[in-house]
Number of protein chains: 4
Amino acid sequence: MKSSTGIETKRKILDATFQLMADKGFDALSIDDIMTSIGRTKGSFYVHFKSKEELLYEVMRTRLDRGHDRMTEEIPKELTKDKCNVRAILEKVIAEIHAILGNDRLTWAFAYYHLLIHSRKDEFVRVWLEANADQWSTFLNIIVKRGQELGQIRTDVDTQTITNMLMGIVVGYDILFMVKPQIDVSEVYHIHDWMFVNDPSSKDE
Amino acid sequence: MKSSTGIETKRKILDATFQLMADKGFDALSIDDIMTSIGRTKGSFYVHFKSKEELLYEVMRTRLDRGHDRMTEEIPKELTKDKCNVRAILEKVIAEIHAILGNDRLTWAFAYYHLLIHSRKDEFVRVWLEANADQWSTFLNIIVKRGQELGQIRTDVDTQTITNMLMGIVVGYDILFMVKPQIDVSEVYHIHDWMFVNDPSSKDE
Amino acid sequence: MKSSTGIETKRKILDATFQLMADKGFDALSIDDIMTSIGRTKGSFYVHFKSKEELLYEVMRTRLDRGHDRMTEEIPKELTKDKCNVRAILEKVIAEIHAILGNDRLTWAFAYYHLLIHSRKDEFVRVWLEANADQWSTFLNIIVKRGQELGQIRTDVDTQTITNMLMGIVVGYDILFMVKPQIDVSEVYHIHDWMFVNDPSSKDE
Amino acid sequence: MKSSTGIETKRKILDATFQLMADKGFDALSIDDIMTSIGRTKGSFYVHFKSKEELLYEVMRTRLDRGHDRMTEEIPKELTKDKCNVRAILEKVIAEIHAILGNDRLTWAFAYYHLLIHSRKDEFVRVWLEANADQWSTFLNIIVKRGQELGQIRTDVDTQTITNMLMGIVVGYDILFMVKPQIDVSEVYHIHDWMFVNDPSSKDE
DNA sequence: GATGAATGAGAGTTCATTCAT
DNA sequence: AATGAATGAACTCTCATTCAT
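Values in this document were obtained by computation on a predicted structure and should not be read as measured data. Each chain has its residues counted from 1, running along the sequence as written. Each chain gets a letter, beginning with A, and each ligand a number, beginning with 1, in the order they are written. Restriction of local features to residues with pLDDT of at least 70 applies here, the model being predicted, together with a cutoff of 80 or more for giving and counting side-chain atom pairs; totals for whole chains, interfaces and linings are based on all residues. To obtain the side-chain values, all non-hydrogen atoms of the structure were included, while hydrogens and water were left out.

1. Quick look at the overall build of chain A
Thought 1: Counting from the N terminus, the helices are the DSSP runs of H or I reaching at least four residues and the strands are the DSSP runs of E reaching at least two. When you go through chain A residue by residue, the secondary structure sums to ten helices and zero strands.
Thought 2: Helices and strands in chain A line up, N terminus first, as α-α-α-α-α-α-α-α-α-α.
Thought 3: For the C-alpha atoms alone, the extent of chain A along its principal axes is close to 65 × 35 × 30 Å.
Thought 4: A total of 205 residues make up chain A; the buried ones form 52% of that total.
Thought 5: A separation threshold of at least 6 residues defines the contact pool for chain A, and within that pool the share at least 24 residues apart is 64%. Accessibility here uses a 1.4 Å probe with only protein chains present; expressed as a share of the type maximum, an area under 20% marks a residue as buried, one over 50% as exposed, and anything in between as partly exposed. Pairs of residues are marked as contacts when any of their non-hydrogen atoms sit within 4.5 Å.

2. So, the relation of the copies chain A and chain B
Thought 1: Only residues with pLDDT of at least 70 in both copies count here: their C-alpha atoms drive the least-squares fit that superposes the copies. With an RMSD of 0.2 Å, the operation that places chain A on chain B is a rotation of 179° combined with a shift of 0.0 Å along the axis. Taken together, the turn and the small shift mark the pair as related by a two-fold rotation axis. The C-alpha atom lying nearest the rotation axis in chain A is that of Gly172 of chain A; the distance is 1.8 Å.
Thought 2: An overlap of 100% is found between the interface residues of chain A and their copies at the interface of chain B, pointing to a shared contact surface.

3. Observations regarding helix 9 (residues 159-179) of chain A
Thought 1: Taking 1.5 Å as the rise per residue, helix 9 of chain A with 21 residues should run 30 Å; its terminal C-alpha atoms sit 31 Å apart, in good agreement.
Thought 2: The element helix 9 of chain A is largely enclosed, with a buried count of 19 among its 21 residues. The span expected for a helix works out to 1.5 Å for each residue beyond the first.

4. As for the interface of chain D and chain C
Thought 1: Opposite the 41 residues of chain D that make contact, chain C presents 42 residues.
Thought 2: Here the quantity called buried area is the total loss of accessible area, with a 1.4 Å probe, experienced by two parts when brought into contact, counted for both. Approximately 3900 Å² of surface area, both sides summed, lies buried where chain D meets chain C, with 71% of it carried by carbon and sulfur atoms.
Thought 3: For the chain D face of the interface with chain C, the top three residues by lost area are Arg120, Met165 and Trp194 of chain D, together amounting to 22%.
Thought 4: Residue Lys180 of chain D is joined to Glu130 of chain C by a salt bridge in which the shortest nitrogen-to-oxygen separation is 3.6 Å. Criterion for a salt bridge: a side-chain nitrogen of Lys or Arg within 4 Å of a carboxyl oxygen of Asp or Glu.

5. What about the domain arrangement of chain A?
Residue and element names in this part refer to chain A.
Thought 1: The domain boundaries here were taken from an automatic or database domain assignment. Domain assignment breaks chain A into domain 1 (6-60) and domain 2 (65-195).
Thought 2: In this structure, domain 1 and domain 2 have C-alpha centres spaced 29 Å apart.
Thought 3: Carbon and sulfur atoms make up 69% of the area that domain 1 and domain 2 hide from each other, which totals about 1200 Å².
Thought 4: Ranking the residues of domain 1 by area buried against domain 2 places Phe18, Ala22 and Met60 at the top, with a combined share of 49%.
Thought 5: Of all the secondary-structure elements, those providing two or more residues to the side of domain 1 that touches domain 2 are helix 1 (6-28) and helix 4 (52-64).
Thought 6: Broken down by element, the residue count for the side of domain 1 that touches domain 2 peaks at eight residues, all from helix 1.
Thought 7: The class makeup of the residues in the side of domain 1 that touches domain 2 is seven nonpolar, two polar and three charged. Each residue gets one of three labels, nonpolar for Ala, Val, Leu, Ile, Met, Phe, Trp, Tyr, Cys and Pro, charged for Asp, Glu, Lys and Arg, and polar for the others, Gly among them.

6. Regarding the interface of chain A and chain B
A common way to report how large an interface is uses the accessible area buried once the components associate.
Thought 1: Contacts between the two partners involve 42 residues from chain A, matched on the other side by 42 residues from chain B.
Thought 2: Of the roughly 3900 Å² buried between chain A and chain B on both sides combined, carbon and sulfur atoms contribute 70%.
Thought 3: Broken down residue by residue, the surface that chain A buries against chain B is led by Arg120, Met165 and Trp194 of chain A, which jointly contribute 22%.
Thought 4: If you look at where chain A meets chain B, you find four salt bridges.
Thought 5: Notably, a salt bridge pairs Lys180 of chain B with Asp134 of chain A, separated by 2.7 Å at the nearest N-O pair.
Thought 6: In the analysis that follows, any N or O atom pair within 3.5 Å is treated as a polar contact, provided that within protein one partner can donate a hydrogen and the other can accept it, and provided that, for residues neighboring in sequence, both atoms belong to side chains. Summed over the shared surface of chain A and chain B, the number is five residue pairs in polar contact (both at pLDDT 80 or more).
Thought 7: Sorting the residues of the side of chain A that touches chain B by element identifies helix 1, helix 7 (105-118), helix 8 (123-149), helix 9 and helix 10 (191-195) of chain A as the ones contributing at least two each.
Thought 8: The element contributing the most residues to the side of chain A that touches chain B is helix 9 of chain A, with 14 residues.

7. Some points on the packing of helix 4 of chain A against helix 8 of chain A
Residue and element names in this part refer to chain A.
Thought 1: For every element, the axis is a line fit to its C-alpha atoms; helices are fit only across the contacting stretch, and the angle between N-to-C directions ranges from 0 to 180 degrees. Axis separation between helix 4 and helix 8 bottoms out at 11 Å; the angle between their running directions is 15°. Taken as axis vectors, helix 4 and helix 8 run roughly parallel relative to one another. Between helix 4 and helix 8 lies a crossing whose hand is left-handed. Seen from helix 4, the contacting residues are Leu56, Tyr57, Met60 and Leu64; seen from helix 8, they are Phe124, Val125, Trp128 and Asn132.
Thought 2: For the contact of helix 4 with helix 8, the class distribution of residues is seven nonpolar, one polar and no charged. Oblique is the label for any angle not under 35 degrees, not over 145, and not in the 65 to 115 range, which are roughly parallel, roughly antiparallel and roughly perpendicular in turn. In this scheme, a crossing is called left-handed if the near helix is turned counterclockwise away from the far one by less than a right angle; it is called right-handed if the turn is clockwise.

8. Structural notes on the packing of aromatic side chains
Thought 1: Here a pair means two rings of Phe, Tyr or Trp (six-membered ring of Trp) with centres within 6.5 Å. Their orientation is stacked below 30 degrees between planes, edge-to-face above 60, and tilted elsewhere. Across all of its chains, the model carries 20 aromatic pairs over all chains by this definition.
Thought 2: Ring centres 4.9 Å apart and planes at 80° place the aromatic pair Phe45 of chain A and Tyr46 of chain A in the edge-to-face group.
Thought 3: Comment: the charge-over-ring label is applied if NZ (Lys) or CZ (Arg) is within 6 Å of the ring centre and within 35 degrees of the ring normal. Across from the ring centre of Phe26 of chain B, 4.9 Å away, lies the NZ or CZ of Lys52 of chain B, which sits over that ring.
Thought 4: For Lys10 of chain D, the ring lying beneath its charged end belongs to Phe49 of chain D, and the centroid distance is 5.2 Å.

9. With respect to helix 8 (residues 123-149) of chain C
Residues and elements named next belong to chain C.
Thought 1: Between its terminal C-alpha atoms helix 8 stretches 38 Å, which fits the 39 Å expected from 27 residues at 1.5 Å a residue.
Thought 2: Of the residues that open helix 8, the one with a side-chain oxygen 3.0 Å from the backbone nitrogen of Phe124 is Asp122.
Thought 3: Among the residues trailing helix 8, Gly151 stands out with phi positive, at a value near 75°.

10. A look at the packing of helix 6 (residues 86-101) of chain B against helix 8 (residues 123-149) of chain B
Residue and element names in this part refer to chain B.
Thought 1: Relative orientation of the contacting elements helix 6 and helix 8 amounts to 155°, with a least axis distance of 9 Å. The orientation of helix 6 with respect to helix 8, classified from their angle, is roughly antiparallel. For the pair helix 6 and helix 8, contact is made by Val86, Leu90, Val93 and Ile97 and by Trp136, Phe139, Leu140, Ile143, Arg146 and Gly147, respectively.
Thought 2: Residue composition of the contact of helix 6 with helix 8, by class: eight nonpolar, one polar and one charged.

11. Comments concerning the UniProt feature "DNA-binding region" (unreviewed entry) in chain A
Thought 1: The positions UniProt marks with the feature "DNA-binding region" (unreviewed entry) are residues 30-49 of chain A.
Thought 2: Measuring from the first to the last C-alpha atom of residues 30-49 of chain A gives 14 Å, for a span that is 55% helix and 0% strand. UniProt positions are given in the numbering used here, feature names are shortened, and annotations may be inferred rather than shown by experiment.

12. Let's talk about the pattern of salt bridges
Thought 1: A complete count under the given rule lists 48 salt bridges over all chains for this structure.
Thought 2: Residues Asp193 of chain B and Arg87 of chain B are paired through a salt bridge, measuring 3.5 Å at the closest nitrogen-oxygen approach. With a gap of 106 residues between them, Asp193 of chain B in helix 10 (residues 191-195) and Arg87 of chain B in helix 6 connect regions that are remote in the sequence.
Thought 3: A single salt-bridge network, built from bridges that share partners, covers Lys10, Glu58 and Arg61 of chain A.

Right under this line is the structure:
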């Protein structure tokens, strides 16, 4: 097993790290754990990464950054349409997030909270997390504002506040889910009953 | 300072651990860190605790369990009153939580998420967290149900779902607060605009 | 073997390091080597030193700094005497150095040259070495100048140049000694035949 | 730059190693350092050398052995002349050494002392160093003896002792120069004032 | 000739834990 | 109740060396 593609091994390391991170957290995860799990030895880790820290950054870049980009292109286009259904769009967004997370939901949640904790001692991670949150906030803010303009979303609450609550409840459910995996995450859709006005087409799920 | 009450030192250790946990997390926190911070030496730690693990459990017991008890006695009494204002009660509950957290808000949040992560590898912690969540859930569920009975809280959404959303949004705001400490946590009160029906007395703060 | 005096173990580490340094050099010397040689385990090294680097500095401080101090007190007093024999004084100085080195001559030489090499990458060591050389230079310069004043040392060569040659030949012989341990280091005394003028009482050892 | 002459690359490796040795020492120098510095990769090192050890020997052979050969042919011829000026010859020898060292003086010095230290654990290096010293000693001894025969060099000191002091002071100045690069190495010529008798044409540089 | 992925031994360092004092 | 020396396992990282390509 002397030779394999560098890129392939690197990808395996990134994937394994992401999976294992959720279990033990990044700090408690040893390079030995990672490399053993992909059938390589400790020493060869450093062929692909300069340090464990670099590995973390790469995991964030390749794993957590993606997904967001996929949506920020189409959604804005749909919003500009004259007769658009903001609630439908928002549900699509959330559904797509769910799709991305898929069965890895818990893994993602743990990975994220590990980052959160890691951010305390790592400026780079802290900045990245905040930027990431800002991206989502900006993105959702656009949707909410459009909903208010079209008279579909209530206007008695400030746009940014609604955005914050939207984000808050989504991540909040993640936490509940971490504590009680049997919880029904789709309940989160009920927030729509509250933020959208006179909505005859009842929701499902 | 060679001799002091055992109980006093033990309390100091518990307090210091809680404070330091927020910064570095429980795992990254060394016994040396803790003992140095209270002016004692590493060796004497084991006079008070059998292991680092036991320390964690004691922190949870003495720090995180309390607060809850303080409320679960008075609130139910108020709820049984004929003409009670459920919204006012709920706001009192949240205000009281805020009071408990006080300036340690971030500390609490980090401590909690450390536990969350720790729960992955520690059955004891996992069970405790779930029990803790259940306590709160049960407690809030009672309030919400009473609100619905009195016609103060909307009934088109299931009692437990409203409870879950209530909890979700509260913890969700904590997360947002961890990422962006400049966020206004009191926004969370707006959820009341949504769950309570025809409420003329506008909210505050 | 759980308990011993900290100071005792620390001294053992310093001594062992000095001895072993001569063999393998400081870099090639592992902490395991040192601790095993004194019957302790690697981990306990860090009870006494913060790092391997600190160990090096302490070795320099406690080993290489001493000796010099012993002389710089008496010699100057002797020099101020009206009828002093500078050659005798100089020979005493060199004899005393030899006495300090004793059977550890090779060890000292190797330790010193390891430092020399280490100085390339360690500012602290570089500065220390230069300061150490300056001390000796200043010390010898005083002796030589006094000898010239008294008409005992030739004045056709600059004071500092004589000092430099004196130092040069002493360390030079150390090098020769490293390459060929059978060389007779006491030959170095012949330099006196050259620097001192009309000296009837010839001398070799 | 995929393919080049093997010999060319080998020479590059030898040169780079010599240069880099002075900075970090041979042990601290990694094969990666060397190969990167010449724009090749680690793996190809083993096309040219069997091991790192072999590299060291080759550096010694090709770098440190030369220079000596250049002189040992002409000088003896000059010495046999009836009316030869031994002092002039000796100065020529030293000047030539200086020329060989050139601006690499410090590099040579460090490289040499690394070897010195390396000799402790490597029989081959030890033997080579001793042979090298013997060569120089023999060579200088011939010059000194001839100077004594011609009455140009003092005879009150043993031939070999003068030779040793000559070597000692030359290498001694190298050490001083390592510690204090601002020192004037040409001072070393003053030893001639001492070993040569009634020399009217004084000399400094 | 050159590449670069992989290896495995060993480095310095940290740390929970033990125990004689 | 407190100390601090000692332990040993685990960690991140380095590096000479091998080998399929």
